[in-house]
Amino acid sequence: HHFSDPAEVEALRGNLLAWYDRCKRDLPWRTLAATEPDADRRGYAVWVSEVMLQQTQVATVIDYYNRWMQKWPTLQALAQASLEEVNELWAGLGYYSRGKRLQEAARKVVSELDGHMPRTAEALQKLLPGVGRYTAGAIASISYGQATGVVDGNVIRVLCRLRCIGADSSSPAVIDRLWDMANALVDRSRPGDFNQALMELGATVCVPKAPLCGECPVKQHCRARRRKLFGKPAPVPDVEDCGECVGDCPLCPPATEPWDSSLGVTNFPRKAAKKQPRAMRAATCVLERRGCGGKPEYLIVQRPSSGLLAGLWEFPSLPLAQDLQEEKEREVLADHLQAWMGQPVAAKGLQFIGEVIHIFSHIHQTYVVYSLPLDGDVTLDPASPSRWVTEEEFHASAVSTAMKKVL
């Protein structure tokens, strides 16, 4: 499974980098990383991009990234921003704790590290909150030229196919082997470009389904392709196929999941069965009043500072048991609203609008949406953050995509 031939490693590096120079996508963070002379700004530019790209597609990130760097072009500018501003710009990107941690870490760099980014993967991971092994490796290699590897979902897929690694690719043992492999492979003179090339290959050619094997610059090094072309190896693999097959190899596919010739290279990587998202329900009420100039205004309240969608604004909502009847839902929602407004709310006055489904990574959330028009003014609970907003102000606030669906 390993790259044991130095000549093969050199050829792979050369082929991959030549392909990257010809075919890489023109992305704003790459331009900044290549042209920014100030090392701290360069590190910051790459850091922001890597955090945004976690769990989010490149096409979505580009616009957010450009707006972010225009608003906060330096660590110092971000450190002075409020969390509310960060959440407003982040709205729609999902996984909101990413923006919060990024800002907290920027403040730490400014207050404790004299405004200077750490220069190695080890120091980045140790000193910056929220910076894990992957992000640290990406910043250190791309911004500071450290010859350290990176392993993300794209790299996992490429390496598992190149070396027929068929064990569960999310298991700690396999991940550790992949990191060893990435660190051994990385080009010493162009580590940042090499790591980006490996990720680019996974994002554009060695894709999860229907990979473009004919266009792959490292196809001659790919064991999965060789197996697809020349058939299944002998029942006892020779040393070239697997150097560890004395008994059970920790990297080979388990005997219970044999090679499926119809899948070809997409036999790899193998993943553990995905956990189904848990189903949750919440009652949500859009309270509406006539504001100045007759424009409708809506009440939004702030979520707690920790947990799902921490610190974001939403219409007053509360979790529901799965099997509640509609009549009971109205009653518990009316009680919840009464606590906010300090005056009785008639359950019958709540108008059922419909249901909104929003899928978070681990939660299948259903919002049961009600509306309540108000005539007079109401006194809101001063102990809890809340405010009235017009539709324009609502969209400019730090609200989740789910709440935009509700409106």
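For clarity, every value in this text was computed on a predicted model and none was experimentally measured.

### Details of the side chain of Glu-36
- Within the fold, Glu-36 resides in the loop between helix 2 (28-35) and helix 3 (39-53).
- One buried charged residue, Glu-36, forms no salt bridge at all, with the nearest opposite charge on Arg-41 at 4.6 Å.
- Not counting residues up to four positions away in its chain, the partners in contact with Glu-36 are Arg-41 and Arg-42.

### Quick look at unusual backbone geometry
- Following Phe-268, the chain continues into Pro-269 via a peptide bond in cis, with omega recorded as -5°.
- Its location among the elements puts Pro-269 in the loop between helix 13 (223-230) and strand 1 (278-290).
- If you check the backbone angles, Cys-164 has positive phi at about 50° while not being a glycine.
- Position of Cys-164 relative to the elements: it lies in the loop between helix 10 (153-162) and helix 11 (172-185).
- Judged by relative accessible area, which is 10%, Cys-164 ranks as buried.
- At Ala-210, a position not held by glycine, the phi torsion is positive, near 50°.
- Within the element layout of this structure, Ala-210 appears in the loop between helix 12 (191-204) and helix 13.

### Quick look at the nonpolar core
- Of all hydrophobic cores here, the largest spans 102 residues; its most connected members are Trp-47, Met-52, Trp-68, Leu-201 and Tyr-367.
- At eight residues, helix 3 tops the list of elements feeding residues into this core.
- A domain split of this core shows at least three residues from each of domain 1 (6-205) and domain 2 (278-405).
- Formed by 21 residues, the second largest nonpolar core is a distinct cluster that contains Ala-334, Trp-340, Val-368 and Val-378.

Rules of the game
- Residues numbered from 1 in each chain as written.
- Predicted model: local features only at pLDDT ≥ 70, side-chain atom pairs only at ≥ 80, totals over all residues.
- Heavy atoms only, no water.
- Helix = DSSP H or I, 4+ residues; strand = E, 2+ residues; numbered from the N terminus.
- Buried < 20%, exposed > 50% of the residue type's maximum accessible area, 1.4 Å probe, protein only.
- Lys, Arg positive; Asp, Glu negative; His and termini not counted.
- Salt bridge = Lys/Arg side-chain N within 4 Å of Asp/Glu carboxyl O.
- Contact = heavy atoms within 4.5 Å.
- Core = buried A, V, L, I, M, F, W, Y, C linked by side-chain atoms within 4.5 Å.
- Domains from an automatic or database assignment.

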